[in-house]
Amino acid sequence: MTDERRSTAGEGERGGRASSAPPADGGDTEPESGHPHAGERCAFCEQPIPTEGVEVTADGETYRCCSEACADALAGADYDTTVGGGHRRVRPGVAALDSSLPQGFPRNAFVLLAGEAGVRDRAVHAELVWRALQRGEPAVVVSFQEPPASVVQQFLTLDWNVLPYLESGQLHIVDCFTYRLSDRDRMFDRMDEWNAHLYDVATDATTTIRDPSDLGEVRNKLDNALEARDMVDEGLVLIDSLTELGTLVQPVQAYDFVKDLRADVSKGRFVSIFAGATIAGGGEEFPHDLGYVVDGIVEMRLNEEIIPDTLIKQARIRKLNGVLVIPEWHAYEYTSGLGMVTFDPEEEQEKTRRRRAAAARENGESGAADTREEGEHRQGETPAPVGPEAGPDERKPGAEARDD
């Protein structure tokens, strides 16, 4: 578990690495023997150059590519080195995930976010989308559990103002919830001015699905939203609940839907998909048996064994194909504006206990607080809170989002 607090707020990607850039895994950068350009990377595909390679010059700049094919592709892209590297990886921008992904995650990954009730999974969903927007990328939210206004409200509750992104079209919502309303006019009549405002702002940025059990319609409307935003090799799709999807259709249809989206969107467009799932019961049915289908699995749980009488939220990455994963549990909480903040629960409790003891001494009380066994507190006294209480100056920012 990490013993430092941090909230990953770094956005922006690094495009077009120079041909001599170090490998993404931070490994040995010493040139291999064999030829003078060993250790360099192709200006187009960004892969190591294992042979002499091909050197091309344009507008006074010299580029070295691994093959004639890449040299031709680079010329076809007007020597824009940010065009290649379709294998690129990006930091998700969420503290616990970044801590476990020193190489970032592949852009063409379909990731299952499996969590218990109470782990603030919707906040995790919102932060993934927000970090993508902050990187300048488009995002599409497929909502089965909330109407569009509530989706927007989730961002605003965390001090992430998505209204400009809705207005510009950078953020789009595919609404698979509103079909449940038997009387939409009555819902509008009950709205106060604020909710009516959110609904109005979200309307132009929303595609409403008439019947979400028609997965062909969902797939087509999602594809239209991606096409309208030219989402190829950038952006993110967030599906809030595969669990809810599984209640609408037969299992075989749900499995085919996931497989088709992974093929068409993740692999066909190089657009990441994050799909939520709530763990209930034994957790052996759809979507929790998708381990063989999805590229990655993020687990979120409540742990009551670390601190007595306290549920600690934890997250870890169980698997993610194609990149190095450090599968450690990270304790976390959410703070408005910062998003996910990771911390060490035992260290935080001890810091709080010391502050209380110091305050007690200043007030002339007994110093017994210093000698109480860990986890003990006076009768009637509130136990030391566990969570990220430090001020902004004590938090350490995570790594910036980037392509490796």
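Residues numbered from 1 in each chain as written. Predicted model: local features only at pLDDT ≥ 70, side-chain atom pairs only at ≥ 80, totals over all residues. Heavy atoms only, no water.

Engineer: Would you mind going over the packing of helix α4 (residues 148–157) against helix α7 (residues 193–203) with me for this structure?
Structural biologist: In helix packing, the relevant descriptors are the interaxial angle and the interaxial distance, both defined with respect to the helix axes. Where α4 meets α7, the closest approach of the two axes is 8 Å, and the angle between their N-to-C directions is 105 degrees. One element, α4, and the other, α7, form an angle in the roughly perpendicular class. Two secondary-structure elements touch here, α4 through Pro148, Ala149, Val152, Gln153 and Leu156 and α7 through Trp194, Asn195, Leu198, Tyr199 and Ala202. (Axes fitted to C-alpha atoms, helices over the stretch in contact; angles between N-to-C directions. Helix = DSSP H or I, 4+ residues; strand = E, 2+ residues; numbered from the N terminus. Parallel < 35°, antiparallel > 145°, perpendicular 65-115°, else oblique. Contact = heavy atoms within 4.5 Å.)

Engineer: I tried to follow the packing of aromatic side chains on my own but got confused; where do I start?
Structural biologist: A ring pair, where both rings are aromatic, is described by two values, the distance of the centres and the angle of the planes. Applying the stated rule across the entire model yields 6 aromatic pairs. Taken together, a centroid distance of 5.4 Å and an interplanar angle of 25 degrees make the contact between tyrosine 63 and tyrosine 79 stacked. Of the two residues, tyrosine 63 sits in strand β2 (residues 61–65) while tyrosine 79 sits in the loop between α1 (68–76) and β3 (89–90), which places them 16 residues apart along the sequence. The exposure class assigned to tyrosine 63 is buried, which follows from its relative accessible area of 15%. Relative accessible area serves as the criterion here: at 26%, tyrosine 79 is assigned to the partly exposed category. Residues tryptophan 130 and tryptophan 160 carry aromatic rings whose centres are separated by 5.9 Å and whose planes lie at 10 degrees to one another, so their mutual orientation is stacked. Here tryptophan 130, found in helix α3 (residues 121–134), pairs with tryptophan 160, found in the loop between α4 and α5 (163–168); they are 30 residues apart in sequence, far enough to count as distant. A single burial state applies to tryptophan 130 and to tryptophan 160, both of which are buried. Here the guanidinium or amino end of arginine 301 rests over the ring plane of tryptophan 329, the centre of that ring lying 3.8 Å away. (Phe/Tyr/Trp six-rings, centres within 6.5 Å; stacked < 30°, edge-to-face > 60°. Buried < 20%, exposed > 50% of the residue type's maximum accessible area, 1.4 Å probe, protein only. Lys NZ or Arg CZ within 6 Å of the ring centre and 35° of its normal.)

Engineer: Would you mind showing me how to read α4 here?
Structural biologist: Along an α-helix, a turn takes 3.6 residues, which lines up residues three or four apart on a common side. Buried residues of α4: Pro148, Ala149, Val151, Val152, Phe155 and Leu156, and no others. Burial along α4 is one-sided: seen end-on, the buried residues are contained in an arc of 160 degrees. Tucked into the core, α4 has its buried residues touching α3, β6 (139–143), α5, β7 (171–175), α7 and β8 (206–208). Positive phi appears at aspartate 159, one or two residues downstream of α4, with a value of about 65 degrees. (Arc of directions from axis to C-beta.)

Engineer: What exactly am I supposed to notice about the sheet that holds β8 here?
Structural biologist: Paired through their backbone hydrogen bonds, the strands of a sheet run either parallel or antiparallel. The 10 strands lie next to each other as β8-β7-β6-β9-β10-β5-β11-β12-β13-β14, forming an open sheet whose pairing is mixed. Where the open sheet ends on each side, the last strands, each with one partner, are β8 and β14 (339–343). In this sheet, adjacent strand axes meet at a mean angle of 25 degrees when their direction is disregarded. Of the strand pairs in this sheet, strand β5 (residues 110–115) and strand β10 (residues 272–278) are connected by 6 bridges, and their pairing is parallel. Residue pairing across strands places leucine 112 opposite alanine 275, the latter belonging to β10. Contacts from helix α8 (residues 215–228) reach β6, β7, β8 and β9 (236–239) within the one sheet, and its direction differs from that of β6 by about 160 degrees. Sheet strands touched by helix α10 (residues 251–269): β5, β9 and β10. Its angle to β5, the strand with the most contacts, is close to 135 degrees. (Pairing = 2+ DSSP bridges.)

Engineer: I would appreciate a short explanation of empty space enclosed by the protein in the present structure.
Structural biologist: Evaluation of the coordinates by the stated rule reveals 3 cavities of 30 Å³ or more. Of the voids in this model, the largest cavity is the one considered here, and its volume is about 60 Å³. For the lining of the largest cavity, the secondary-structure elements that each account for two or more residues are β11 (296–303) and β12 (312–320). Here the lining of the largest cavity is composed, by residue class, of 10 nonpolar, 1 polar and 1 charged. (1 Å grid on protein atoms, 1.4 Å probe; cavity = no way out; pocket = protein on both sides within 12 Å on 5 of 7 lines; lining within 4 Å. Points joined across faces, edges and corners; volume = space filled by probe spheres on them. Nonpolar A, V, L, I, M, F, W, Y, C, P; charged D, E, K, R; others polar.)

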